[in-house]
Amino acid sequence: MVKARGAMAIAEEPAANFARRVIEKYRLTPPIDVKQLVRKYGSLRYADIPFEGADGISVNLKVSGKKPIVIVNSSNPPLRKRFTLAHELGHIVIPWHTGTIIDHVDPNRHESSTEYWEIESEANGFAAELLMPQEWVNKILSAEKDLAKAHSAISDKCETSAHAAALRLSKILPPNIVFASEKRGKVEFSGRTLGTLASTLPVDEDFPSAAYTYCQHYYHQKSGDRIFHWWKLPTGVSLSVKDKRPWRTILHGILEDIDVPAREQERMTLSINGVFGATNGRVKNTKDYCVDTVIAACMQRFKDRQEFLDFSNHPDFEAFIAKRAADLFEK
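Here is a short report on the structure shown in this document. (Residues numbered from 1 in each chain as written. Predicted model: local features only at pLDDT ≥ 70, side-chain atom pairs only at ≥ 80, totals over all residues. Heavy atoms only, no water.)

The amide bond that connects Pro-30 to the next residue, Pro-31, takes the cis arrangement and shows omega of 0°. One non-glycine residue with positive phi stands out, namely Asn-60, at about 65°. Here Asn-60 is to be found in strand β2 (residues 54-61). Phi is positive for Asp-304, close to 65°, though the residue is something other than glycine. Examined against the element boundaries, Asp-304 turns out to sit in the loop between α10 (291-302) and α11 (309-312). (Helix = DSSP H or I, 4+ residues; strand = E, 2+ residues; numbered from the N terminus.)

With that settled, consider the environment of Ala-19. With respect to the element layout, Ala-19 can be found in helix α1 (residues 7-26). For the pair formed by Ala-19 and Ala-128, sequence separation is 109 residues and the distance between their alpha carbons is 8.8 Å. The residues contacting Ala-19, other than those within four sequence positions of it, are Phe-126, Glu-129 and Leu-130. (Contact = heavy atoms within 4.5 Å.)

All right, on to the nonpolar core then. Of all hydrophobic cores here, the largest spans 50 residues; its most connected members are Phe-126, Leu-130, Met-132 and Trp-230. In terms of residue count, helix α4 (residues 114-131) provides more of this core than any other element does, 8 residues in total. Every residue in contact with Phe-126, bar those within four places of it in the chain, is listed here: Ala-15, Phe-18, Ala-19, Val-22, Ala-86, Leu-89, Gly-90, Val-93 and Ile-94. (Core = buried A, V, L, I, M, F, W, Y, C linked by side-chain atoms within 4.5 Å. Buried < 20%, exposed > 50% of the residue type's maximum accessible area, 1.4 Å probe, protein only.)

With 22 residues, helix α9 (residues 262-283) should cover 32 Å at 1.5 Å per step; its first-to-last C-alpha distance of 32 Å lies within 8% of that length. What α9 keeps buried is the set Gln-265, Met-268, Ile-272, Val-275, Phe-276, Thr-279, Asn-280 and Val-283. Along the axis of α9, the buried positions cluster into a sector of 125°, meaning they face one direction only. Seen from the open side of α9, the exposed residues pointing more than 90 degrees away from its buried face are Arg-263, Glu-266, Arg-267 and Leu-270. Those residues of α9 that are buried are in contact with α8 (247-257), α10, α11 and α12 (317-330). (Expected span 1.5 Å × (residues − 1). Arc of directions from axis to C-beta.)

Moving on to α12. Compared with an ideal rise of 1.5 Å per residue, which puts 14 residues at 20 Å, α12 spans 20 Å between its outermost C-alpha atoms and is within 8% of the ideal. All of the buried residues in α12 are Phe-317, Ala-319, Phe-320, Ile-321, Ala-322, Arg-324, Ala-325 and Leu-328. Its buried side turned inward, α12 meets α8, α9, α10 and α11.

Inspection of every chain in the model, using the stated rule, returns 17 aromatic pairs. When the ring of Phe-302 is compared with that of Phe-311, the centres are 5.4 Å apart and the planes differ by 70°; the resulting orientation is edge-to-face. Look at Phe-302 and you get buried, because its relative accessible area is 0%. Members of the aromatic cluster, joined through ring pairs, are Trp-247, Phe-276, Phe-302, Phe-308, Phe-311, Phe-317 and Phe-320. Above the ring of Trp-247, the side-chain terminus of Arg-324 is found at 4.1 Å from the ring centroid. (Phe/Tyr/Trp six-rings, centres within 6.5 Å; stacked < 30°, edge-to-face > 60°. Lys NZ or Arg CZ within 6 Å of the ring centre and 35° of its normal.)

So, about the pairing of strand β3 (residues 69-73). Sheet faces and side chains relate simply in a regular strand, where the side chains alternate between the two faces. Of all 5 residues in β3, 5 are buried; the element is thus mostly enclosed. Here strand β1 (residues 43-47) runs beside β3; their pairing, made up of 5 bridges, is parallel. Among the inter-strand pairings, Ala-47 is bridged to a residue of β3, identified as Asn-73. Alignment of β2 against β3, held across 4 bridges, turns out to be antiparallel. Note on β3: the bridge partner recorded for Val-59 is Ile-69. (Pairing = 2+ DSSP bridges.)

Written as structure tokens, this is what we have:
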């Protein structure tokens, strides 16, 4: 599992503990009746909220003598309203969420401080754990090794959007996994698990005919008009190279072959070496650090990135990264 998490992911963890307490108290299991649960804690109303981009509002949070009121935007789709209900319940249950909170969709629209978005992240963490409990999700993953099928099963059983289920899995599954949803030939959404270096597929672009071709396992599952794609990327790649040339010579030859102008070759060389150095730094302190793990990590950083497509598709690319990785490892 991933040890290092981003600030927002860390912020979600205490909130998830509060969700687990609610699950234990009422002995809940998916699909959870969120509407009934919210009504145990406060009043629930549905209304067309006049604030642009608002999913819901929580009123009278921790106000003495007043019952909390939850208002959910009635114009939103059912699954979104369901997640909003769980999110608002998080505001009610988490002790330090107080007063009135308007939940906006777009962080760039709101003038509030970072503290506001930390509170929103905590409520999202609460909602994700409540609707898709980690212990329950782990049982699904133990029984179903096909990640695309597991994704579909979690979304259907927990009555959440496919995107919410994918984000949940992205925080539970180990590193080196990427995913995407294909809808009518376009990338609907995409993402990766924590600690994964590979780039994600660009949203709203045509779904590629081939992606992450170096993957260890590929899973896909059709669900309605969507296809869920999941790729497990290798943690180590062993390459047998017969090319006797040093890596600098191989790199220069590749840049010549892909028609990089002479004035741009120095800049691109610096860029490539910079990616190698940064990637090596990421894996150097791991327990499995070796040439093979450096190669695998560099494949993630170079493959499927638009600016490096010609470079990474060149026949000598593997010879180059094998020799460059060995050079870095030996230093």
